[in-house]
Amino acid sequence: MSTENQRVLVTGGAGFIGSHLCERLLARGYDVLALDNFSTGHADHVNHLLHHPGFSLGTHDVTEPVPESADGAQLIFNLACPASPAFYQEDPVQTALTSALGALHLIKLARRNGARLLQASTSEVYGDPEVHPQHEDYWGYVNPIGPRSCYDEGKRFAEALFYAYRREGFSSMRVARLFNCYGPRLRPGDGRVVSNFIVQALRGEPLTVYGDGQQTRSFCYVDDTVDGLLRLMDADVDVPVNLGNPIENTVLELAELVLSLTGSRSRLERRPLPADDPKRRRPDITRARSLLGWEPRVRLRDGLERTIDYFRCELDLSRRTVVLPAKGVNTWAVNRAVSG
Ligand code: UDP
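Notes on the structure follow. Keep in mind that what you see is a predicted model, and the values were worked out from it rather than measured. (Residues numbered from 1 in each chain as written. Predicted model: local features only at pLDDT ≥ 70, side-chain atom pairs only at ≥ 80, totals over all residues. Heavy atoms only, no water.)

1. Comments concerning the packing of aromatic side chains
Using the criterion set out here, one finds five aromatic pairs in the structure. Centre to centre, the rings of Tyr88 and Tyr151 are 4.4 Å apart; their planes meet at 5°, and the pair counts as stacked. Taken together, the residues Tyr88 in helix 2 (residues 85-88) and Tyr151 in helix 4 (residues 149-167) connect sequence positions 63 residues apart. Like Tyr88, the residue Tyr151 is buried in the burial classification. Between Tyr310 and Phe311 the ring centres are 5.4 Å apart and the planes differ by 75°, which places this aromatic pair in the edge-to-face class. Among the residues examined, Tyr310 registers a relative accessible area of 16% and is labelled buried. For Phe311, a relative accessible area of 0% translates into the label buried. (Phe/Tyr/Trp six-rings, centres within 6.5 Å; stacked < 30°, edge-to-face > 60°. Helix = DSSP H or I, 4+ residues; strand = E, 2+ residues; numbered from the N terminus. Buried < 20%, exposed > 50% of the residue type's maximum accessible area, 1.4 Å probe, protein only.)

Given below as structure tokens:
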């Protein structure tokens with residue numbers, strides 16, 4: 001299928017995963033409109049794309065109805081939402097509404113445009129899981145009033161809304177449940193474990209291990225995650241699909257690996273375990289393998305090396321000028337066929 005002049009909207013397009021996705025979409029030949037409210041996204045993630053004739057960037061918060069200038073999108077990726085527990089708990093009302101209202105507004109846009117819509121959901125829909133590994137048919141174990149619930153329940157509500165519309169005939173939808181994604185463009189102060197450990201190791205500061213460090217996560221390199229998102233969008237699959245790395249590590253193992261890869265002599269420092277911190281998390285990716293032919297390719301060690309290289313450069317850069325786009329620049333790039 002030709003992608004020329006096909007328009008793709010990416011909300012959260014200046015975010016960590018969104019910016020990588022925009023790059024890949026442009027490389028495929030799509031026209032890409034990235035919308036972001038820049039709460040956790042950053043213009044410098046996509047600065048290098050601004051010269052691309054098929055790329056445009058606008059400021060928009062998905063809790064508001066999507067501007068008509070975004071009409072014309074044939075494909076929509078809804079990635080807008082802070083994903084770091086430290087960030088999403090800072091403004092819990094906004095977090096909950098971002099998932100809930102964002103889903104509503106984008107479903108409306110997709111229906112208006114006859115577009116295909118992919119919702120970035122999360123492993124957090126499984127909460128602190130009692131089933132291990134987590135397959136998509138597991139309903140999860142979520143504290144509906146805990147500090148993580150603004151995110152977990154927000155994402156669960158978004159899924160519920162998608163499937164409510166599905167029952168009313170909206171069939172061109174996709175739901176990806178993303179498990180701990182990492183890679184270049186995580187922010188140094190992001191608060192997630194991979195960025196925290198790498199930055200602490202490079203600065204020679206203690207690595208902050210929450211709890212006993214025996215809790216597990218399964219870390220997926222961002223290129224693999226984006227590859228999964230693209231495959232899911234291309235496929236005819238309207239059931240939720242886990243996208244994550246089936247290899248599980250304890251937080252302590254991650255700390256040791258970061259220390260060895262950075263050559264850092266930082267020590268480990270214990271901190272209290274945050275409330276409701278899931279004890280184990282690992283995706284069952286049987287569905288992604290069989291329906292999308294997808295599985296992660298990048299080994300943790302290799303992905304961490306690339307991420308460490310990125311952070312070395314980031315921490316070296318002293319000061320940069322970042323220009324945010326003015327509010328309301330929510331328009332498609334000039335049609336290349338017309339503008340020549
Ligand atoms: N964690 C940690 N030290 C840190 C940041 C996080 O030990 O500096 C732990 C956290 O308690 C959790 C795991 O690392 O068990 C992953 O945390 P993260 O915030 O990256 O994402 P989550 O999977 O909890 O959403």
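2. Observations regarding the packing of helix 7 (residues 251-262) against helix 9 (residues 300-316)
Angle between the axes and distance between the axes: these two values describe a pair of packed helices. The contact between helix 7 and helix 9 brings their axes to 10 Å, and the two run at 60°. Overall, the two elements helix 7 and helix 9 adopt an arrangement that is oblique. Once helix 7 is placed against helix 9, the crossing between them reads as right-handed. The residues of helix 9 that touch helix 7, namely those facing Leu254, Leu257, Val258, Leu261 and Thr262, are Leu300, Arg301, Leu304, Glu305, Ile308 and Arg312. Its residues placed into classes, the contact of helix 7 with helix 9 shows seven nonpolar, one polar and three charged. (Axes fitted to C-alpha atoms, helices over the stretch in contact; angles between N-to-C directions. Parallel < 35°, antiparallel > 145°, perpendicular 65-115°, else oblique. Left-handed = near helix turned anticlockwise from the far one by under 90°. Contact = heavy atoms within 4.5 Å. Nonpolar A, V, L, I, M, F, W, Y, C, P; charged D, E, K, R; others polar.)

3. Let's talk about the nonpolar core
Formed by 66 residues in total, the largest nonpolar core has its most connected members in Ile17, Leu25, Phe55, Phe77, Leu243, Leu292 and Leu304. If one sorts the elements of this core by residue count, helix 7 sits on top with eight residues. Listed in part, the 24 residues of the second largest apolar core include Leu33, Leu117, Tyr163 and Phe170. (Core = buried A, V, L, I, M, F, W, Y, C linked by side-chain atoms within 4.5 Å.)

4. A closer look at the sheet that holds strand 1 (residues 7-11)
Strand order in the open sheet formed by seven strands is 3-2-1-4-5-6-11, with parallel pairing between adjacent strands. Only two strands of the sheet have a single partner each, and these edge strands are strand 3 (55-59) and strand 11 (241-243). When the angles between neighbouring strand axes are averaged without regard to direction, this sheet yields 20°. Sheet topology note: the strand 2 (residues 31-36)/strand 3 ladder contains five bridges and is parallel. By the bridge assignment for strand 3, Leu35 is matched with Gly58. (Pairing = 2+ DSSP bridges.)

5. Quick notes on the site of the ligand
Taken together, 18 residues lie around the ligand, and Asn196, Thr208, Arg217, Asp277 and Arg281 are the ones closest in. Within the side chain of Glu124, an N or O atom sits 3.2 Å from an oxygen atom of the ligand. A distance of 2.6 Å separates an oxygen atom of the ligand from a polar side-chain atom of Arg217. Contact with the protein chains covers 96% of the free accessible surface of the ligand, which is 510 Å². Those elements giving two or more residues to the shell around the ligand turn out to be helix 5 (193-203) and strand 8 (207-210). The residue inventory of the shell around the ligand, partitioned by class, reads seven nonpolar, five polar and six charged. (Near = heavy atom within 4 Å. Polar contact = N/O pair within 3.5 Å; in protein donor to acceptor, adjacent residues only side chain to side chain. Areas by Shrake-Rupley, 256 points an atom, 1.4 Å probe, with all protein chains shown as cover.)

6. What about helix 9?
Here helix 9 spans 24 Å end to end across 17 residues, near enough to the 24 Å set by a 1.5 Å rise per residue. Turning to helix 9, its buried residues are Leu300, Gly303, Leu304, Thr307, Ile308, Tyr310, Phe311 and Glu314. End-on, the buried residues of helix 9 take up no more than an arc of 165°, which puts them together on one face. Buried positions along helix 9 lie against strand 7 (181-182), helix 5, strand 10 (220-221), strand 12 (249-250) and helix 7. (Expected span 1.5 Å × (residues − 1). Arc of directions from axis to C-beta.)

7. A few points about helix 3 (residues 92-113)
Under the 1.5 Å per step criterion, the end-to-end length of helix 3 is 31 Å for 22 residues, consistent within 8% with the ideal 32 Å. Of all bends in helix 3, the biggest is about 30°, found at Thr98. What helix 3 keeps buried is the set Thr95, Thr98, Ser99, Ala100, Gly102, Ala103, His105, Leu106, Ile107, Leu109 and Ala110. Lining the buried residues of helix 3 we find strand 1, strand 4 (75-78), helix 2, strand 5 (116-122) and helix 4. In the stretch just after helix 3, Gly114 is the one whose phi turns positive, near 65°. (Bend = angle between axes of the 7 residues up to and from the residue.)

8. Comments concerning the environment of Thr250
In this structure, Thr250 sits in strand 12. Between the C-alpha atoms of Thr250 and Thr216, which are 34 residues apart in sequence, the distance is 4.1 Å. Each residue touching Thr250, except ones within four places of it in the same chain, is listed here: Gly213, Gln214, Gln215 and Thr216.

9. Structural notes on the side chain of Thr225
With respect to the helices and strands, the residue Thr225 is situated in helix 6 (residues 222-234). Its relative accessible area of 1% is what places Thr225 among the buried residues. Ignoring any residue separated from it by four or fewer positions in sequence, one finds Thr225 in contact with Ile17, Leu178, Cys181, Cys220 and Leu243.

Distances and angles like these do not, on their own, reveal function.
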